[in-house]
Amino acid sequence: MASREIPTIPLLIGCDIDSLTESPLRGKQMIDFGKQVKFVKMITEINRRFGGFLPASFEEDIAVKGYKELNKDLASVISTLKTLKPYLQSYSEKKHDAGIIIRNAQSDIFISTAVGNKFLAKYAEDIEEKLKAGIRVQYMLLGLDRFDEMEEYLHGSDSKPKDIHYDALKILKGWKREYPDLLSVKCFHGYMTVSCVGVDIGIGLPNFQIKDFSVLQVMFYLYRTKAKNSPIKYIFPKEDESTYKTFVESITAMWRKGEDISL
């Protein structure tokens, strides 16, 4: 009998997202890797079947990225879906990627951080792409007068050079020159206990309506704890409306209290 190819049918059998530790192929589950649309559909169905931890825009972004980078191995994609729930263990989690939520912004991005030099180094390209697309960006830094105090609180030393603060301002200054009507920058001179990345949360926008992809990423500043070990929480308004509202109200008050920076 002449050999012939037998078509592969996209199929997941007995899929439990918390027990998947390898690709469905190795785990005796089958998937057709031939078309991206089928791959995306599979990841979308897994996410929705097990609670819909991510809004549709996030799951598609993860699936497309996974297909391109891991065409024949789903292990990392499955791991992402397992870990990128409302809670992440720490900032250093390999699956943590603030770029995912930034790239999904459709109206506004809010960022508050003590310094943010490492954050900007990692996500500047994503942020600038959104500015080019007409997305409003609000960026709030901790005031320089609080810099040494924060460094001592986090690291037990106030010896870190203030140059990193000015390095962040240089990037923001360049953006302000290019996108003067879209970028707003402020300094906050009070106590900053968390850093926040908010997408489509509408700070200062009148009559703003929560969107399907509205989300807050909050990282807690803990005593003597480096950023890489700091816990992170993702807050989706449709999952936890009360907590989301509390954080947005606090962020709004901080933004109003902040001092405008002339760049």
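Now for a look at the structure at hand. Predicted model only: the values in this text are computed from it and were never measured.

## Some points on the pattern of salt bridges
Phase 1 of the analysis: Taken as a whole and judged by the stated rule, the model has five salt bridges.
Phase 2 of the analysis: For arginine 146, the salt bridge identified is with glutamate 149, shortest N-O distance 2.7 Å.
Phase 3 of the analysis: In this structure glutamate 149 comes out as partly exposed when scored by relative accessible area, which is 38%.
Phase 4 of the analysis: A network of salt bridges, in which partner residues are shared, links Asp61, Arg103 and Asp126.

## Overview of unusual backbone geometry
Phase 1 of the analysis: Phi at aspartate 200 takes a positive value of approximately 55°, unusual for a residue other than glycine.
Phase 2 of the analysis: With a phi angle near 55°, arginine 224 is a residue other than glycine that sits in the positive phi range.
Phase 3 of the analysis: Considering the arrangement of structural elements, one finds arginine 224 in the loop between strand E6 (215–220) and strand E7 (232–235).

## Quick word on the nonpolar core
Phase 1 of the analysis: Judged by nonpolar contacts, the single largest core of 60 residues is most densely connected at Phe119, Ile127, Trp175 and Leu216.
Phase 2 of the analysis: Once you skip the residues sitting within four places of it in the chain, tryptophan 175 turns out to touch Leu120, Ala124, Ile127, Glu128, Leu131, Pro180 and Leu183.
Phase 3 of the analysis: Counting eight residues, the second largest nonpolar core, distinct from the first, contains Met42, Ala63, Val64 and Tyr67.

## Considerations on the packing of helix H5 (residues 117–132) against helix H7 (residues 163–178)
Phase 1 of the analysis: As a packed pair, H5 and H7 sit with axes 11 Å apart at the nearest point and diverge in direction by 5°. With respect to H7, the axis of H5 lies roughly parallel. Every residue of H7 that contacts H5 at Asn117, Leu120, Ala124, Ile127, Glu128 and Leu131 is listed here: Ile164, Ala168, Ile171 and Trp175.
Phase 2 of the analysis: Of the residues assigned to the contact of H5 with H7, the class counts are eight nonpolar, one polar and one charged.

## Things to note about the layout of surface pockets
Phase 1 of the analysis: A volume near 640 Å³ is recorded for the largest pocket.
Phase 2 of the analysis: Residue lining of the largest pocket: 30 residues in total, with Gly116, Asn117, Lys118, Met219 and Ala227 positioned closest to the centre.
Phase 3 of the analysis: Among the secondary structure elements, those contributing two or more residues to the lining of the largest pocket are strand E2 (108–113), H5, helix H6 (147–155), strand E5 (194–199) and E6.
Phase 4 of the analysis: Top contributing element to the lining of the largest pocket by residue count: H6, with five residues.
Phase 5 of the analysis: Here the residues of the lining of the largest pocket sort into 15 nonpolar, nine polar and six charged.
Phase 6 of the analysis: Lining the second largest pocket are 14 residues, with Ile201, Tyr244, Val248, Glu249 and Thr252 sitting closest to its centre.

## Looking at the packing of aromatic side chains
Phase 1 of the analysis: Applying the stated criterion across every chain yields a total of three aromatic pairs.
Phase 2 of the analysis: Arginine 146 extends its terminal NZ or CZ atom over the ring of tyrosine 191, reaching a point 4.3 Å from the ring centre.

## With respect to the pairing of E5
Phase 1 of the analysis: Burial within E5 is extensive, with six of its six residues counted as buried.
Phase 2 of the analysis: Residues Val194, Cys196 and Gly198 of E5 are buried on one face, and the alternating residues Ser195, Val197 and Val199, pointing to the opposite face, are buried as well.
Phase 3 of the analysis: Where E2 and E5 come together, four bridges link them in antiparallel fashion. By the bridge assignment for E5, isoleucine 111 is matched with valine 197.
Phase 4 of the analysis: By the bridge criterion, six bridges tie E5 to E6 in an arrangement that is antiparallel. Considered in E6, the bridge of valine 197 is made with glutamine 217.

What counts and what doesn't
- Residues numbered from 1 in each chain as written.
- Predicted model: local features only at pLDDT ≥ 70, side-chain atom pairs only at ≥ 80, totals over all residues.
- Heavy atoms only, no water.
- Salt bridge = Lys/Arg side-chain N within 4 Å of Asp/Glu carboxyl O.
- Buried < 20%, exposed > 50% of the residue type's maximum accessible area, 1.4 Å probe, protein only.
- Helix = DSSP H or I, 4+ residues; strand = E, 2+ residues; numbered from the N terminus.
- Core = buried A, V, L, I, M, F, W, Y, C linked by side-chain atoms within 4.5 Å.
- Contact = heavy atoms within 4.5 Å.
- Axes fitted to C-alpha atoms, helices over the stretch in contact; angles between N-to-C directions.
- Parallel < 35°, antiparallel > 145°, perpendicular 65-115°, else oblique.
- Nonpolar A, V, L, I, M, F, W, Y, C, P; charged D, E, K, R; others polar.
- 1 Å grid on protein atoms, 1.4 Å probe; cavity = no way out; pocket = protein on both sides within 12 Å on 5 of 7 lines; lining within 4 Å.
- Points joined across faces, edges and corners; volume = space filled by probe spheres on them.
- Phe/Tyr/Trp six-rings, centres within 6.5 Å; stacked < 30°, edge-to-face > 60°.
- Lys NZ or Arg CZ within 6 Å of the ring centre and 35° of its normal.
- Pairing = 2+ DSSP bridges.

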